[in-house]
Amino acid sequence: MKDIARQSMSIKVESMDLLNGQIKMEAHASATYLAMASWCEQNGFFTSAKFFYKQSEEERGHMMKIFEFLIDTGGNPLSPEITGINHDYSSIVDVFESTLEHEVAVTKSIHNIVKKARELGDIATERFLDWFVLEQVEEENTIRDILDMIEVTGTEGVGLQMIDNQVGNWIE
């Protein structure tokens, strides 16, 4: 029979539930960015497609980081079902505006989990999420920079090709 200490979780159940929700959000983001990459490919924005392929991989990495944290803390990570992926965008501006909306929602979700972990005294979860808090600052800033560049460049004529070329500056 397993020792009681081995059976117990070091993570609070409420934190685990919130992190499972975040796993789903990150998986949805990965699938959404893959759909955005496809839209970009189909509409001739090949550099932007590369950007979104990279973003898709990054979001899956975030999901796996949380998944592994739950395992390490004795929790029960859940593999999410993903539905409701948008494949239709009206323009490259729409794609990046949708990206910013999504990143802002992720930031709010991460902040809410941090607040709840702090309230519960779940220090490990709170410290684990420090990296995500800073990552979201970077994610939002990148998309805002791209939207600023689009605004300055304009979307008329060769402006669209210039936008796609400039997005390459944000691919690491």
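Residues numbered from 1 in each chain as written. Predicted model: local features only at pLDDT ≥ 70, side-chain atom pairs only at ≥ 80, totals over all residues. Heavy atoms only, no water.

A. A look at the pattern of salt bridges. In total, this model carries six salt bridges according to the counting rule given. Here D130 and R127 are joined by a salt bridge, their closest N and O atoms 2.9 Å apart. (Salt bridge = Lys/Arg side-chain N within 4 Å of Asp/Glu carboxyl O.)

B. The arrangement of the nonpolar core in detail. Core analysis: the largest hydrophobic core is formed by 22 residues, its most contacted members being F52, F96 and I146. When residues of this core are traced back to their parent elements, those giving at least two are α2 (13–42), α3 (46–72), α4 (92–120), α6 (130–153) and α7 (159–167). Looking at this core, the element that brings in the most residues is α2, giving six residues. Beyond its immediate chain neighbours, meaning those up to four positions away, F96 contacts S48, F51, F52, I143, I146, L147, I150 and V167. Residues F67, V114, F128 and F132 belong to the second largest nonpolar core, which totals 17 residues. (Core = buried A, V, L, I, M, F, W, Y, C linked by side-chain atoms within 4.5 Å. Buried < 20%, exposed > 50% of the residue type's maximum accessible area, 1.4 Å probe, protein only. Helix = DSSP H or I, 4+ residues; strand = E, 2+ residues; numbered from the N terminus. Contact = heavy atoms within 4.5 Å.)

C. Geometry of the side chain of N20. Along the chain, N20 turns up in helix α2. Using a relative accessible area of 11% as the deciding quantity, one classes N20 as buried. Excluding residues within four positions of it along the chain, N20 makes contact with L70, N76, P77 and L78.

D. Examining the packing of aromatic side chains more closely. Summed over the entire model, instances satisfying the criterion amount to nine aromatic pairs. Ring geometry for Y33 and F52: centres 5.8 Å apart, planes at 45 degrees, overall tilted. With Y33 in helix α2 and F52 in helix α3, this pair connects stretches of sequence that are 19 residues apart. This pair shows no difference in class: Y33 is buried, exactly as F52 is. One cation-aromatic arrangement involves K65 over W131; the distance from NZ or CZ to the ring centre is 3.6 Å. (Phe/Tyr/Trp six-rings, centres within 6.5 Å; stacked < 30°, edge-to-face > 60°. Lys NZ or Arg CZ within 6 Å of the ring centre and 35° of its normal.)

E. Broad picture of the environment of E81. Here E81 lies in the loop between α3 and α4. Expressed as a C-alpha distance, the spacing of E81 and H28, which sit 53 residues apart in the sequence, is 8.7 Å.

F. Region of interest: the side chain of E140. One can find E140 in helix α6. Classification of E140 as buried rests on a relative accessible area of 11%. Setting aside chain neighbours within four positions, we find E140 in contact with L100, E103, V104 and T107.

G. Here's a closer look at the UniProt feature "binding site: Fe cation" (unreviewed entry) in the protein chain. Those places that UniProt annotates as "binding site: Fe cation" (unreviewed entry) correspond, in this numbering, to E26, E59, H62, E103 and Q136. Spanning 111 residues, the named residues nonetheless gather at one spot, since no C-alpha pair among them exceeds 12.9 Å. Within the fold, E59 resides in helix α3. Beyond its immediate stretch of four places on either side in the chain, E59 contacts E26, A29, S30, Y33, E103 and E139. Mapped onto the elements, E103 comes out in helix α4. With a relative accessible area of 1%, E103 lands in the buried category. Apart from the residues lying within four places of it in its own chain, the contact partners of E103 are Y33, E59, Q136, E139 and E140. (UniProt positions renumbered as here; feature names shortened; annotations may be inferred.)

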